[in-house]
Amino acid sequence: MSDNQALLVRRERLLGKNMSLFYNDPVHLVRGEGVWLWDADGKRYLDCYNNVPHVGHCHPRVVEAIARQAATLNTHTRYLHEGILDYVERLTGTFDASLNAAILTCTGSEANDVALRIAQALTGKTGVIATDFTYHGNTTAVSQLSTRMPPVGGHGGHVRHVPAPDSYRPLGGEAGEAFADAFAAEVEKAIASLQESPYGFSALIIDPFFANEGFPDLSSGFLAKTVAAVRKAGGIVIADEVQPGFGRTGTHMWGHQRAGIVPDVVTLGKPMGNGHPVGGVIANIDAINAFRKAFRYFNTFGGNPVSCAAANAVLDVLQDEKLQDNALAVGEYTRAGFGRLSDKHALIGNIRGSGLFMGIELVLDRATKEPASDITTRVINGMRKRGVLMGKLGIHQNTTKIRPPMPFSKENAEYMLSILDDVLSGL
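Residues numbered from 1 in each chain as written. Predicted model: local features only at pLDDT ≥ 70, side-chain atom pairs only at ≥ 80, totals over all residues. Heavy atoms only, no water.

Across the sheet, which stays open at both edges, the 4 strands sit in the order E1-E2-E3-E14 with mixed pairing between neighbours. Each edge of the open sheet carries a strand with a single partner, namely strand E1 (29-33) and strand E14 (388-389). (Pairing = 2+ DSSP bridges. Helix = DSSP H or I, 4+ residues; strand = E, 2+ residues; numbered from the N terminus.)

What follows concerns the nonpolar core. Grouped together as the largest cluster of nonpolar side chains are 59 residues, with contacts concentrated most on Phe-246 and Met-416. It is helix H10 (residues 305-320) that provides the largest number of residues to this core, a total of 8 residues. Each residue touching Phe-246, except ones within four places of it in the same chain, is listed here: His-54, Tyr-87, Leu-91, Met-253, Trp-254, Leu-268, Pro-271, Met-272, Leu-315, Leu-318 and Met-406. By size, the runner-up hydrophobic cluster in this structure holds 24 residues, among which are Ile-103, Ala-111, Ile-238 and Ala-287. (Core = buried A, V, L, I, M, F, W, Y, C linked by side-chain atoms within 4.5 Å. Buried < 20%, exposed > 50% of the residue type's maximum accessible area, 1.4 Å probe, protein only. Contact = heavy atoms within 4.5 Å.)

All chains considered together, the criterion is met by 13 aromatic pairs. Clustering of aromatic rings is evident, with ring pairs tying together Phe-179, Phe-183, Phe-210 and Phe-222. Its end group placed over the ring of Trp-38, Arg-31 keeps NZ or CZ at 3.9 Å from the ring centre. Arg-403 extends its terminal NZ or CZ atom over the ring of Tyr-49, reaching a point 4.7 Å from the ring centre. (Phe/Tyr/Trp six-rings, centres within 6.5 Å; stacked < 30°, edge-to-face > 60°. Lys NZ or Arg CZ within 6 Å of the ring centre and 35° of its normal.)

In this section: the environment of Met-390. Among the structural elements, Met-390 can be located in the loop between E14 and strand E15 (391-393). For Met-390, a relative accessible area of 1% gives the class buried. Taking the C-alpha atoms as reference points, Met-390 and Asn-312, 78 residues apart in sequence, are found 28 Å from one another. Not counting chain neighbours up to four residues away, the residues in contact with Met-390 comprise Tyr-23, Cys-48, Tyr-49, Ile-380, Met-383, Thr-400, Lys-401, Ile-402 and Met-416.

This part takes up the side chain of Asp-240. Tracing the sequence through the fold places Asp-240 in strand E8 (residues 236-240). Once residues lying within four places of it in the same chain are set aside, the contact partners of Asp-240 are Asn-112, Tyr-135, His-136, Ile-206, Asp-207, Pro-208 and Thr-267.

What follows is about the state of the cysteines. Taken as a whole, this structure holds 0 disulfides when the rule is applied. Free of any disulfide, Cys-58 has its nearest neighbouring cysteine sulfur in Cys-48, separated by 17 Å. (Disulfide = S-S within 2.5 Å.)

From the geometry alone we can't say anything about function, so treat these as descriptive.
Now the structure itself:
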């Protein structure tokens, strides 16, 4: 039997206090395969949360690619090697033609840090706009963008926050064009504020799926006026694809494609190497060259041969197993299941998502849309006790976060839905 309390004591002694853990009763995991995880007591869990093992926990093709390359060579990019070139050529082929070059990093945080510096190199300015419920990583630069954990000394004067879009309670009072106009107007106000400051305006950084904000349902043209305003002011658009990228939304390979925009810079992270630490920045070669001229940047592990082998294997599996198509089909099937549960459980106020990134927003009253944040916490802990792992997020922390590995099947969805039905009934 596992001894979680002993592990918690040891963890605090060796890693420090306030190390975050999921669930009231943390899970001690020892093994994973596909969409399943096992704890130290042998209990099996359906993983409805983790996008890091994008093509499934311990996928044999990715494991084999890592082992083969690690047994051959691993070094940094100050030596010539085909691996990084082959991968970047293949990866950029999935983007718009203007996004034709890359810088490889180890994490999404590093990628977003580099993206902000690309914006500085291109504009000569440092002012940045983000939403007021975003997360783009944990370096000193990108941590300034998050409002959930204010940095020591407060936010720098170079950052402006705009209201996170909420399609269930839209700015302007209604969905559609008025909502898009209201969001664009907030961005324009932030741009004007930065232009009047010593910092000027360099970039708008967004997750085009607005994942941490609760992945609101937005029309494909929602961001058009916002992007136009950014470019009119001389800034660039940075799309953080760490969560919606690599086919997760089902409809498109990338979240910005689903949103109907072409950003100037795209950042990648977690799913890129299926758990192996790989991240990246995609941009036009001219933007990359401007960055290289303005900043002396070298990343010892970014783009190493083993990382590139892992990332290339992920693209192989996505293509060969048709996982983007699977995400679309299973996502639609699961949301239909949420609809049936909504008829039965008044707590479900809103159903949202695309592909294998979806969830339900729980409310105390459908008429007032009052968030049921505490109940949502109870739900995800109840699911964990029943062997299904999911999370919560959103502006009001009342939206379930269901973002499983891409091989997630309709049978897996039915299993999750049946337990969710029981947990909601138990409330």
